[in-house]
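# A structural walkthrough
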Amino acid sequence: MLAALLAALMSSLTSIFNSASSMFTLDIWQTIRRQAKERELMLVGRTCVLALVGVSILWIPILQSAGGGTLWNYMQAVSSYIAPPWCVCFVLGVFWTRTTEQGAFWGLITGFVVGIIRMGIDFAYQAPLCGSGEPDTRPAVLTKVHFLHFSIILSAISSAVTVAVSLLTKPQPPEKLRRVTWWTRNEELPAEEFDDEENEKKDEIIITHELEMEENTNEESVSKVKRCLLYFYHWICGAPATTKAISKADRAEHIKMLTSIEENPFWAKILNINCMIVLLVCTFLLGYFG
């Protein structure tokens, strides 16, 4: 049980670190430095992960004092306060084409604020120990509403705000919905979308920078110490030491391959069968041992 819990915890943490790092690097750092190179983005992303690990370590004392020291209760409570708005935003965005950016934004903000308020109240008032006989003097929002029930309420609030704001704002044009919702997942992208001038210009800047680094690395005047430092720099950034420029046709073909959702029917059936087997086994184990 402990091994399964730790494995699930590590999986969740790596997913959170990776997502948060990507959001900071692509949505914030690139806004500040629009001409940032690929290696710089990689270095910023990995530094962000280290910073998040440090914050997680500093959060341990709060974790120990919350939920009566029970890790499982703490994880479920925090997920109930934070996860519902994101789940609602994802589900509505995928399955309801009328969802707009404004609706998703205000649904997330409203759900986040309500969830953080509830989490703050939960951390501020410590529950009495089980069997101690002490009266529970916490507010009614804690004693009468369990955190799992609160997640349902929070989902309803986020859904209502997202739907209301989406209906009051301008809908997304059809060309913006290609390949981003369940109902438009099979639509073909027009060829001109592969030749975006801004992306081409950025790729050209990155390729030029990479070639310059390669030339500097291959110079005979570079000392052995500097070569080692450059190798360590490339290794930290997670980027190859040398790159080659690609043609426009190769780039379009590569993007088409990355965005393709086609799958082999045979392996799709194998995957579905294995998925059903795993679900049945898990259901049996939970029912038998639970």
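Model, not experiment: these values are computed from the prediction.

The residue Pro-173 is located in the loop between α7 (147-168) and α8 (197-218) in this model. According to the relative accessible area criterion, Pro-173 is partly exposed, its value standing at 29%. As a C-alpha pair, Pro-173 and Thr-97 span 76 residues in sequence and 9.9 Å in three-dimensional space.

In this fold, Asn-73 is placed in helix α4 (residues 71-95). Asn-73 sits in the partly exposed class, given a relative accessible area of 35%.

Take the confidence of the model for the protein next. Summing up the model confidence of the protein, the mean pLDDT is 80 and the portion of residues at 70 or higher is 80%. Least confident of the elements in the protein is α8, whose mean pLDDT is 48; most confident is α7, at 95.

This part takes up the packing of aromatic side chains. Inspection of the entire model under this criterion finds six aromatic pairs. Measuring from ring centre to ring centre gives 5.8 Å for Tyr-81 and Phe-150, while their planes differ by 75°; the resulting arrangement is edge-to-face. Here Tyr-81 is found in helix α4, whereas its partner Phe-150 is found in helix α7, with 69 residues between them in sequence. Residue class for Phe-150 comes out buried when judged on its relative accessible area of 8%.

Quick look at helix α5 (residues 101-124) now. Its 24 residues place the ends of α5 34 Å apart at the C-alpha level, agreeing with the 34 Å of an ideal helix rising 1.5 Å per residue. Among the residues of α5, those classed as buried are Gly-103, Ala-104, Gly-107, Leu-108, Gly-111, Gly-115, Arg-118, Met-119 and Asp-122. Those residues of α5 hidden inside the fold are in contact with α4, α6 (140-143) and α7.

Turning our eyes to something else, we now look at unusual backbone geometry. If you check the backbone angles, Arg-179 has positive phi at about 65° while not being a glycine. Inspection of the secondary structure puts Arg-179 in the loop between α7 and α8. Relative accessible area serves as the criterion here: at 26%, Arg-179 is assigned to the partly exposed category.

About the cut-offs
Residues numbered from 1 in each chain as written. Predicted model: local features only at pLDDT ≥ 70, side-chain atom pairs only at ≥ 80, totals over all residues. Heavy atoms only, no water. Helix = DSSP H or I, 4+ residues; strand = E, 2+ residues; numbered from the N terminus. Buried < 20%, exposed > 50% of the residue type's maximum accessible area, 1.4 Å probe, protein only. pLDDT = per-residue confidence, 0-100. Phe/Tyr/Trp six-rings, centres within 6.5 Å; stacked < 30°, edge-to-face > 60°. Expected span 1.5 Å × (residues − 1). Contact = heavy atoms within 4.5 Å.

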